[in-house]
Amino acid sequence: MSEGMPFKVRFLPDGKEILSFAPKTAFELSMEASVKLGSNCGGRGKCGQCRIIIKEPKGVSNVSKLEEQFLGPLKDKSYRLACQTIVNGDTNIFIPKETNECDFQIKKETKFKIKCLPCISTFELKIDSTCMDDLLSKEDILKKCLETRSKHAHLPIELLKKMPPLFEIKDNIVSAIIRRDGKILDFSKNKIEHAYGIAFDIGTTTVGAYLWEIKEGRFITSLGALNPQRSYGQDVISRISYSIESPEGLSILRNSILNTMNHMIERLCAKERISKDMIFEAVVVGNTVMHHIFLGLPLKDISVAPYRPVVAKGLDLPAVSLGLSLADTGYVILPPPKAGFLGPDTLAAVIGTGIHKKDKYVLLMDLGTNAEIVLGNKSKILCTSAAASPAFEAAHIGCGMAALPGAIERVQVGYKGKQLGIKTVGDQAPKGICGSGVISLLAGLLREGCLTKTGRLSNRLSKERLMETYKGLGYVLAQGKETATGSEIVITEKDIAELQVAKAAIRAGIQILWERLGLPTVEEIIITGAFGSSLEPDDLVEIGLIPPAITGKIRVIENAAGIGASMVLVNWRKRKEIFHVISQMEYIDLAQQHEFKDLFVEALAFGRY
Amino acid sequence: MADIQETLEGLKQAIIDGERNLAMKLTQEALEQGADPKEIVDHYMIPALEEVGKRFEQKKIFIPEMMIAAKSMQACLDIIRPLLPKETGQRKGTVVVGSVFGDLHDIGKNLVIMLLENSGFEVIDLGVNVPAKRFVEEARKVNADVVGISSLLTTGDPYVKETVMALRESDVGGKIKIICGGAALTEKFVISCGADAYAPDAASGVTKIKELLGLK
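Residues numbered from 1 in each chain as written. Chains lettered and ligands numbered in written order. Predicted model: local features only at pLDDT ≥ 70, side-chain atom pairs only at ≥ 80, totals over all residues. Heavy atoms only, no water.

1. Quick look at a positive patch on the surface
Then comes step 1: Together, A:K115, A:R180, A:R573 and A:K576 make up a positively charged patch on the protein surface.
Then comes step 2: As for its placement among the helices and strands, A:R573 is situated in helix α16 (residues 572-584). (Patch = residues over 30% accessible without salt bridge, like charges linked within 9 Å, V, L, I, M, F, W, Y side chains within 5 Å. Areas by Shrake-Rupley, 256 points an atom, 1.4 Å probe, with all protein chains shown as cover. Salt bridge = Lys/Arg side-chain N within 4 Å of Asp/Glu carboxyl O. Lys, Arg positive; Asp, Glu negative; His and termini not counted. Charge placed at Lys NZ, Arg CZ, Asp CG, Glu CD. Helix = DSSP H or I, 4+ residues; strand = E, 2+ residues; numbered from the N terminus.)

2. A short note on the interface of chain A and chain B
Then comes step 1: Chain A puts 31 residues into the contact, and the matching count from chain B is 26 residues.
Then comes step 2: Taken together, the two surfaces of chain A and chain B that pack against each other cover about 2,500 Å², and 63% of this comes from carbon and sulfur.
Then comes step 3: Counting the contacts that link chain A with chain B gives three salt bridges.
Then comes step 4: B:R20 serves as the salt-bridge partner of A:E602, at 3.3 Å between the closest nitrogen and oxygen.
Then comes step 5: On the surface where chain A and chain B come into contact, there are six residue pairs in polar contact (both at pLDDT 80 or more).
Then comes step 6: Contributions of two or more residues to the side of chain A that touches chain B are made by α6 (236-245), α9 (300-303), α13 (493-516) and α17 (596-602) of chain A.
Then comes step 7: In the side of chain A that touches chain B, the residues fall into 13 nonpolar, six polar and 12 charged. (Contact = heavy atoms within 4.5 Å. Buried area = accessible area lost by both parts, 1.4 Å probe. Polar contact = N/O pair within 3.5 Å; in protein donor to acceptor, adjacent residues only side chain to side chain. Nonpolar A, V, L, I, M, F, W, Y, C, P; charged D, E, K, R; others polar.)

3. Quick look at helix α2 (residues 20-32) of chain B
All names here are of chain B.
Then comes step 1: If you check α2, its first and last C-alpha atoms are 18 Å apart, about what 13 residues at 1.5 Å a residue would give, namely 18 Å.
Then comes step 2: Buried residues of α2: A23, L26, T27, A30 and L31, and no others. End-on view of α2: buried residues confined to an arc of 135°, all on one side of the axis. More than 90 degrees from the buried face of α2, the exposed residues found are N21 and E32.
Then comes step 3: Buried positions along α2 lie against α1 (4-17), α3 (37-57) and α4 (63-80).
Then comes step 4: Where α2 terminates, the next one or two residues include G34, which has phi positive at roughly 95°. (Expected span 1.5 Å × (residues − 1). Buried < 20%, exposed > 50% of the residue type's maximum accessible area, 1.4 Å probe, protein only. Arc of directions from axis to C-beta.)

4. What to know about the nonpolar core
Then comes step 1: Among the nonpolar cores identified, the biggest contains 111 residues, and A:M365, A:F600 and B:M45 are the most heavily contacted of them.
Then comes step 2: Here this core takes 11 residues from α13(A), the largest share from any one element.
Then comes step 3: Within the second largest apolar cluster, 48 residues are counted, among which are A:I198, A:L211, A:A282 and A:F294. (Core = buried A, V, L, I, M, F, W, Y, C linked by side-chain atoms within 4.5 Å.)

5. A look at the packing of aromatic side chains
Residues and elements named next belong to chain A.
Then comes step 1: In this structure the tally under the stated criterion is five aromatic pairs over all chains.
Then comes step 2: The interplanar angle of 65° and the centroid separation of 5.2 Å between the aromatic rings of Y307 and F341 together place this pair among those described as edge-to-face. With a gap of 34 residues between them, Y307 in the loop between α9 and β16 (315-318) and F341 in the loop between β17 (331-334) and α11 (344-353) connect regions that are remote in the sequence.
Then comes step 3: Above the ring of Y331, the side-chain terminus of R179 is found at 4.6 Å from the ring centroid.
Then comes step 4: For the cation-ring pair, R180 lies above W572, with the distance from its terminal atom to the ring centre recorded as 3.5 Å. (Phe/Tyr/Trp six-rings, centres within 6.5 Å; stacked < 30°, edge-to-face > 60°. Lys NZ or Arg CZ within 6 Å of the ring centre and 35° of its normal.)

6. Thoughts on helix α7 (residues 157-169) of chain B
Then comes step 1: Along its 13 residues, α7(B) runs 18 Å from first to last C-alpha, staying within 8% of the 18 Å computed at 1.5 Å per residue.
Then comes step 2: Taken together, the buried residues of α7(B) touch α6 and α9 of chain A together with α6 (132-142), β3 (146-150), β4 (177-181) and α8 (187-193) of chain B.

7. Comments concerning the side chain of A:N262
Then comes step 1: The topology assignment puts A:N262 in helix α7 (residues 249-272).
Then comes step 2: Each residue touching A:N262, except ones within four places of it in the same chain, is listed here: A:G323, A:L324 and A:S325.

8. Brief notes about the side chain of A:D235
Then comes step 1: As for its position among the elements, A:D235 is in the loop between β14 (218-226) and α6.
Then comes step 2: From its side chain, A:D235 meets the backbone nitrogen of A:I237 in a polar contact 3.2 Å long.

9. Brief notes about the sheet that holds strand β29 (residues 585-587) of chain A
All names here are of chain A.
Then comes step 1: As summarised here, the arrangement of the six strands in space is β28-β27-β18-β19-β20-β29, forming an open sheet in which the pairing is mixed. The open sheet terminates on both sides in strands that have one partner only, identified here as β28 (553-557) and β29. For this sheet, the mean inter-axis angle between neighbouring strands, taken without regard to orientation, is 20°.
Then comes step 2: Relative to strand β19 (residues 372-376), strand β18 (residues 361-366) is paired through five bridges, and the arrangement is antiparallel. For L363, the partnering residue across the bridge sits in β19 and is L375. (Pairing = 2+ DSSP bridges. Axes fitted to C-alpha atoms, helices over the stretch in contact; angles between N-to-C directions.)

10. Some points on the confidence of the model for chain B
Then comes step 1: This prediction gives chain B a mean pLDDT of 88; 97% of its residues lie at or above 70.
Then comes step 2: Under the prediction, the complex receives an ipTM of 0.77, its pTM being 0.83. (pLDDT = per-residue confidence, 0-100.)

11. Observations concerning the packing of α6(B) against α7(B)
In a pair of packed helices, the angle between the axes and the distance between the axes together describe the arrangement.
Residues and elements named next belong to chain B.
Then comes step 1: One way to put it is that α6 packs onto α7 with a least axis distance of 8 Å and a crossing angle of 35°. The chirality of how α6 crosses α7 is right-handed. In this structure, α6 contributes A132, F135, V136 and A139 to the contact, and α7 contributes E162, T163, A166 and L167. (Left-handed = near helix turned anticlockwise from the far one by under 90°.)

12. Points about the sheet that holds strand β25 (residues 472-478) of chain A
Residues and elements named next belong to chain A.
Then comes step 1: Pairing is antiparallel across the open sheet formed by three strands, whose spatial order is β24-β25-β26. Looking at which strands have only one partner, the edges of the open sheet turn out to be β24 (466-469) and β26 (489-492). If you compare each strand with its neighbour and ignore which way they point, the axes differ by 45° on average.
Then comes step 2: Two elements, β25 and β26, share four bridges in a ladder whose sense is antiparallel.

13. Some thoughts on the pattern of salt bridges
Side chains that differ in sign of charge can pair as their charged atoms come close.
Residue and element names in this part refer to chain A.
Then comes step 1: For the structure on display, the rule yields 44 salt bridges over all chains.
Then comes step 2: Salt-bridge contacts for R410 lead to D539; the nearest nitrogen and oxygen are separated by 3.5 Å. Linking R410 in strand β21 (residues 407-413) with D539 in helix α14 (residues 537-542), this pair joins segments that are 129 residues apart in sequence.
Then comes step 3: Using a relative accessible area of 21% as the deciding quantity, one classes R410 as partly exposed.
Then comes step 4: What makes D539 buried here is its relative accessible area of 3%.
Then comes step 5: Members of the salt-bridge network, linked through shared partners, are R179, D181, K183, E281, D316 and R575.

14. With respect to unusual backbone geometry
Then comes step 1: Of the consecutive residues A:L12 and A:P13, the connecting peptide bond is found in the cis state with omega at 5°.
Then comes step 2: Considering the arrangement of structural elements, one finds A:P13 in the loop between β1 (7-12) and β2 (16-20).
Then comes step 3: In this structure, B:N143 is a non-glycine residue whose phi angle is positive, near 60°.
Then comes step 4: Looking at the element boundaries, B:N143 is found in the loop between α6 and β3.

15. A short note on the confidence of the model for chain A
Then comes step 1: Scored by pLDDT, chain A has a mean of 88; 94% of the residues are at 70 or more.
Then comes step 2: Of the regions scoring below 50 in pLDDT, residues 388-395 of chain A engages in 30 contacts with residues more than four places distant in sequence or in other chains.

16. Description of the pairing of β1(A)
Residues and elements named next belong to chain A.
Then comes step 1: Side chains of β1 alternate between two faces, with F7, V9 and F11 buried and K8, R10 and L12 left unburied.
Then comes step 2: Where β1 lies against β2, five bridges are found, and the strand directions are antiparallel. Across the sheet, residue F7 finds its bridge partner in β2, namely S20.
Then comes step 3: Counted along the chain from β1 to the antiparallel partner β2, the turn is three residues long, and its residue G15 has a positive phi close to 95°.

Set out below in structure tokens:
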């Protein structure tokens, strides 16, 4: 193949083809061809997830050492890693099912008990001749007629674009939707029966959408999807890097999440047989990096200490300016971030759990992809982010995944570490293990004396559960024949070491907040995040994540941020509370606390202490 | 009267095992039994940490145990340091170390510093979030042999590059050895920036530095 001659790459089973003029990795080519390839590290050769099959390796580079390490026996079955395979000639690339990710799944129905105080209302208006001054513009006439209803009525330009001519509606009754701040969202010749709104929680790994009827305040349904930005990096730091390294990086990241959100809106509309033109408001929360990417704000400031967000106030922007497919006259409400690593989603979680109104102290932990900790009550709220400390980027364990179908969410460990059972999300064949699964495993091994406090697998363990891997000694969670991928799922001592580091950061963070508040009695502990719902409270104490002295009732809420975002959507008091809550929250930067380092090292050990 | 030898062997093991309180207790005991402070450090504490470093390099232990052992060592050193005679001996070399601009991580950096100092190097700690200019100024001022740049976040890559280039383009560029460390970096990237070596962690960092200077 001579230099500069184009070659054709075909992706199967889709059949998508792409022509390339220069050697590129299969990963890069898949992105160019818009073919979905699962990846946790954005093509950096760190996760081993981008598995492809190349039956005829004529036009591709030889198998690298790195690939051999990740693929093991699979390399003999023509498996390759897309990010390590350089393609230089005509090639067919087959994407196996486990690498091809399905985007959408309907979340199980979330029961919401939210007090609704709608932020919009509908009313009827008659435009009669007394308003029709010849010298006034259409907008002025409408405003004059609306004066009796609202002194601050505002007619957005998008509304004026689609309103019928005045002579058609004159002397007729029209219905209108008005927001509390006076913005008119819709005029209709017919009676307006319903109006809708969506609350979005953009997580690093999963995106949640909650559809509400916002005229009366009624929950309709919810939808979940994977965050497509994962192709560019599993965690926020690698996405920040991506946006800085590549000139179009930020807009690529932004477009990918917008597309997903708009697809979710389409799906919800199809399912509920409504039109997007009836969706007038959206509330969008997420961590600060997700917030900035959604808005198209640059990430360089946030990327270095002191991790400064570009904007720290609440925003209320026309949907058309953001590219979100709501009604043309729709608005997007964006609650503010508190800090570079404490975003609007944590604020939403505080509102959702009502910590700011409680007499009793509540410890709230969002243990999704990042780790935010909030401790407080109506007098004072402290918050911090454990992910912004030495634990950042540490919790990358080989077999780890979010709480999606196939994730092991609970392990029952028996005598000598033999397993009594594993439970996976969706009861599907296991693909990996998620947060709650890891915690139950570690707690179980500790109780059976099969894990030392320093994180080593002890020789009490039954030999059938042990395996030597290229990364060291590991515990076998599931044999190859039991798994979805055909390879065994093993958690190594090195993985456990990474978890110790993450656990130590969270534990030290909890201790610092607790000490700052004077060691109050904590009545309630709430865990939220895409963590897996089968969390056994005592396991958290067994592994030393929570001090036994903080023994409040522990409960898991699947999405506190989604609940909070929904409250902001359908309850005008909650919208007003945003400003007060954010001022009430005090952010503690763990890296700057001199006692953090010592507490961190002490918290590395497993055990109850 | 307990055997001094036993106490000192026990101390060495306690540091390796990361038993901080036991190590501190045995340090006190050894001193009370008349052991020479310098000997305790040179023949028991440093070898303990070197053993830990070796096991880490061999992937027999990982970061948590390394950190716990280092903390135990630090606690014992704090007891002994006031009793040590002033350093007059030959230093193996001068190393300037810092975490790159924008990065606040320092555990790895501090481990390297501890290991280097105990191996006989003169170490200047620039701290964290250090701009490129500062690395250059200090390297020049102390006539450094090696400059160590620590970076633990991938977002630090452009600043690592900037720092290495600034050092190379300066008047000390031809003389100093530059090593970059941290899990987020790769050998390929670091060498392409113009550095001499890469180390993924503290223990291998010290080994590489010794190699760069042609020492044992």
